[in-house]
Amino acid sequence: GRTVGVGIGKSGQIARKIAATLASTGTPAIYVHAGEANHGDIGMITKNDVVLAVSNSGQTEEILTLLPLLKRKNIPIICLTGDSQSELGMASTVNLNTHVKEEACPLGLAPTASTTAQLALGDALAISTMKFRKFDKMDFKKLHPAGSLGEQLKTVEDIMIKGNKIPFVNENLKMQKAIKILTDKKLGILIVKNKEKSY
């Protein structure tokens, strides 16, 4: 199955990022918005999945509403919460404590330190899972063919020309045909071989 990140608000954004990091490092994962899950998207979660629920308070109503449905399907729940004694914390299969003494926000309200703790623990989970799965650079390359990460992992094989794309011609080929092959292959070169098949 997959790891299904579930959350709402800022914790939901963290759950989405954790799911994205897991997916890009070899662990199938998706994100399901807790509010949308209560309106049908819970159907995305199968009996083979594990739910990673993120809620600082552990009392997020939209997540708590999902608990009976998840329990009926025997879906394991891993929670990241700042209150291990919360309803979510107590109902979870595994409870990972992300408690912080106070938020960095001067009002003590905006999720700042708490979301940083959630994010750090999520990244730690992803890295641990990578190591457990023996996910290496070649595995990483398969999931990141584009962008600067893809560029760093490119091999000669990725850019080499193979098979009938190589513009081979015989030394006795008429020039007009050779020019046509040169044009068709679009490489700006021809590789000429003689009767001994030397180039």
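What counts and how
Residues numbered from 1 in each chain as written. Predicted model: local features only at pLDDT ≥ 70, side-chain atom pairs only at ≥ 80, totals over all residues. Heavy atoms only, no water. Axes fitted to C-alpha atoms, helices over the stretch in contact; angles between N-to-C directions. Helix = DSSP H or I, 4+ residues; strand = E, 2+ residues; numbered from the N terminus. Parallel < 35°, antiparallel > 145°, perpendicular 65-115°, else oblique. Left-handed = near helix turned anticlockwise from the far one by under 90°. Contact = heavy atoms within 4.5 Å. Nonpolar A, V, L, I, M, F, W, Y, C, P; charged D, E, K, R; others polar. Salt bridge = Lys/Arg side-chain N within 4 Å of Asp/Glu carboxyl O. Buried < 20%, exposed > 50% of the residue type's maximum accessible area, 1.4 Å probe, protein only. Polar contact = N/O pair within 3.5 Å; in protein donor to acceptor, adjacent residues only side chain to side chain. 1 Å grid on protein atoms, 1.4 Å probe; cavity = no way out; pocket = protein on both sides within 12 Å on 5 of 7 lines; lining within 4 Å. Points joined across faces, edges and corners; volume = space filled by probe spheres on them.

1. Notes on the packing of helix H1 (residues 9–24) against helix H6 (residues 113–133)
Two elements in contact, H1 and H6, have axes whose closest approach is 9 Å; the angle formed by their N-to-C orientations is 15°. Relative to H6, the element H1 lies roughly parallel. H1 and H6 meet at a crossing whose hand is right-handed. Judged by residue contacts, Lys10, Ser11, Ile14, Lys17, Ile18, Thr21 and Leu22 of H1 engage Thr115, Gln118, Leu119, Gly122, Asp123, Ala126 and Thr129 from H6. When the residues that make up the contact of H1 with H6 are grouped by side-chain class, the tally is five nonpolar, six polar and three charged.

2. A short note on the pattern of salt bridges
This model, assessed by the stated rule, comprises three salt bridges. Here aspartate 49 ties to arginine 2 by a salt bridge, and the two come within 2.9 Å at their closest N and O atoms. Remark: arginine 2 occurs in the segment before strand S1 (3–7) and aspartate 49 occurs in the loop between helix H2 (34–37) and strand S3 (50–54); sequence separation between them is 47 residues. Given a relative accessible area of 25%, arginine 2 falls into the partly exposed group. In this structure, aspartate 123 and lysine 17 form a salt bridge, with 2.7 Å as the shortest nitrogen-oxygen distance.

3. Overview of the environment of serine 86
Structurally, serine 86 is set in the loop between strand S4 (77–81) and helix H5 (87–91). When the C-alpha atoms of serine 86 and glycine 58 are compared, they prove to be 5.1 Å apart, with 28 residues separating the residues in sequence. In this structure serine 86 touches Ser57, Gly58, Gln59 and Thr81, once residues within four positions along its chain are discounted. Here glycine 89 takes part through its backbone nitrogen, which lies 3.1 Å from a polar atom of the side chain of serine 86.

4. Considering unusual backbone geometry
Not every positive phi belongs to a glycine, and lysine 134 is a case in point at roughly 55°. Within the element layout of this structure, lysine 134 appears in the loop between H6 and helix H7 (137–143). Judged by relative accessible area, lysine 134 falls into the exposed class, the value being 68%. Positive phi values are uncommon outside glycine, yet lysine 186 reaches one of about 60°. When you line up the elements, lysine 186 lands in the loop between helix H10 (175–185) and strand S7 (191–193). On the basis of relative accessible area, lysine 186 is assigned to the exposed category, the value being 71%.

5. Thoughts on the layout of surface pockets
Estimated volume of the largest pocket: approximately 230 Å³. Along the walls of the largest pocket sit 14 residues, with Thr3, Leu22, Val50, Ile78 and Thr129 positioned nearest its centre. The set of elements that each furnish at least two residues to the lining of the largest pocket consists of S3, strand S5 (94–97) and H6. Residues belonging to the lining of the largest pocket are distributed by class as follows: eight nonpolar, four polar and two charged.

6. Things to note about the side chain of aspartate 49
Note on aspartate 49: relative accessible area 3%, which makes it buried. Within polar-contact distance, the side chain of aspartate 49 engages the backbone nitrogen of arginine 2 at 2.7 Å. A polar contact of 2.8 Å, which involves the side chain of aspartate 49, links it to the backbone nitrogen of threonine 46. With sequence-adjacent residues up to four places away left out, aspartate 49 is seen in contact with Gly1, Arg2, Val4, Met44, Ile75 and Pro76.

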